[in-house]
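Structural characterization, general
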Amino acid sequence: MSTTTEFSATPELLSQLYEYSIIKNYEAGDIILDENARIRSIPIVTKGSIKVMRTEEDGREILLYYIKAGESCVMSFLGGLHGETSKVKAEVEEDAEILFLPTEKVTQLIKTHPEWLDYIFKLYHKRFEELLEMVNEVTFKKVDDRLLSLLHKKSMLNNTKMIHTTHEQLANELGTARVVVSRLLKSLEEDGKVKLGRNKIEIL
């Protein structure tokens, strides 16, 4: 698992991860985990990226964090280990290859491989910081600042200035209306910060 960079794994642990897991490939837009679904395995991204979202009672969605190659979903760890259903939705952002590790093997690896437990703690720490940042943005930043911040995150995640997305998708991730995003993107284009195209946005 050369692309798994978040933890320093021994050859034995890597071998067991591949032995215990099922490898699947997904295209951008595919849903790998839906809200209220039973969690039977933990996803570990080896290629591509995933976005994790939460749906509010009024139907609006909001982006919580991204999962890139070498990372996993801490919400899946929590729900899987406690036999709970998923509280989030996980959607493929960029074509991805994912290892699905059965939940019963997660506990087994914790007992036999200290670096696996260290990996989980590091993920918890990173996600906690990202959620704090998200709360800070929603509470204190205007939507236009949040939109520009989201575009830069997508740019860094995919290592490109050209972002392939729609106004509707951006609105869903920000938890706002499409018409608001369209108006703000037009304003950003007038300010020379972005260049708009059909289902794509270039950061200038």
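Since the model is a prediction, treat every value here as computed from it, not as a measurement.

This part covers the sheet that holds strand β8 (residues 200-203). Paired through their backbone hydrogen bonds, the strands of a sheet run either parallel or antiparallel. Taken in spatial order, the three strands of this open sheet run β6-β8-β7, and their pairing is antiparallel. Two strands lie at the open edges of the sheet, namely β6 (162-164) and β7 (194-197), each paired on one side alone. Averaged over all pairs of adjacent strands, the angle between their axes in this sheet comes to 20 degrees, without regard to strand direction. One ladder, built from four bridges, connects β7 with β8; its direction is antiparallel. Residue pairing across strands places G197 opposite K200, the latter belonging to β8. Those strands touched by helix α5 (residues 143-158) are β6, β7 and β8, and its axis lies near 90 degrees from that of β8.

For the rest of this paragraph, the subject is the packing of aromatic side chains. Tallied over the full model, the rule gives two aromatic pairs. Over the face of the ring belonging to F100 we find K24, whose NZ or CZ atom lies 5.8 Å from the ring centre. Here the guanidinium or amino end of K105 rests over the ring plane of Y20, the centre of that ring lying 4.4 Å away.

Another point: the pattern of salt bridges. All told, the structure shown has twelve salt bridges when counted by the stated rule. R127 is paired through a salt bridge with E71; the nearest N and O atoms lie 2.6 Å apart. Of this pair, R127 sits in helix α4 (residues 114-140) while E71 sits in the loop between β4 (61-68) and α2 (74-81), and the two are 56 residues apart along the sequence. Each member of the pair, R127 as well as E71, is classed as buried. A salt bridge links R127 to E130; the nearest nitrogen and oxygen atoms lie 2.8 Å apart. You can see R127 and its partner E130 sitting in helix α4, three residues apart, about one turn around the helix. Overall, R127 belongs to the buried group, its relative accessible area being 1%.

The rules behind each value
- Going along each chain's sequence as written, the residues are numbered from 1 onward.
- In keeping with the model being predicted, local features are shown solely for residues with a pLDDT of at least 70 and side-chain atom pairs are shown and tallied solely at 80 or more, while totals for entire chains, interfaces and linings include all residues.
- Each side-chain value is derived from all of the structure's non-hydrogen atoms; neither hydrogens nor water enter the calculation.
- One bridge is not enough; two strands pair if DSSP finds at least two bridges between them.
- A helix here means a DSSP run of H or I that spans at least four residues, while a strand means a run of E at least two residues long, and both kinds are numbered starting from the N terminus.
- Axis lines are fitted through C-alpha atoms, for helices just across the contact stretch, and the angle between N-to-C directions can take any value from 0 to 180 degrees.
- Here, two residues are considered to be in contact whenever any of their heavy atoms come within 4.5 Å of each other.
- Stacked, tilted and edge-to-face are the three classes assigned to paired rings of Phe, Tyr and Trp, where Trp is represented by its six-membered ring and a pair needs centres within 6.5 Å; plane angles under 30 degrees give stacked, over 60 edge-to-face, the rest tilted.
- Note on criteria: charge over ring means Lys NZ or Arg CZ within 6 Å of the ring centre, with the direction from the centre no more than 35 degrees off the ring normal.
- A carboxyl oxygen of Asp or Glu within 4 Å of a side-chain nitrogen of Lys or Arg is what we treat as a salt bridge.
- Partly exposed describes any residue whose relative accessible area lies between the buried limit of under 20% and the exposed limit of over 50%, with all areas from a 1.4 Å probe on protein chains only and scaled to the type maximum.

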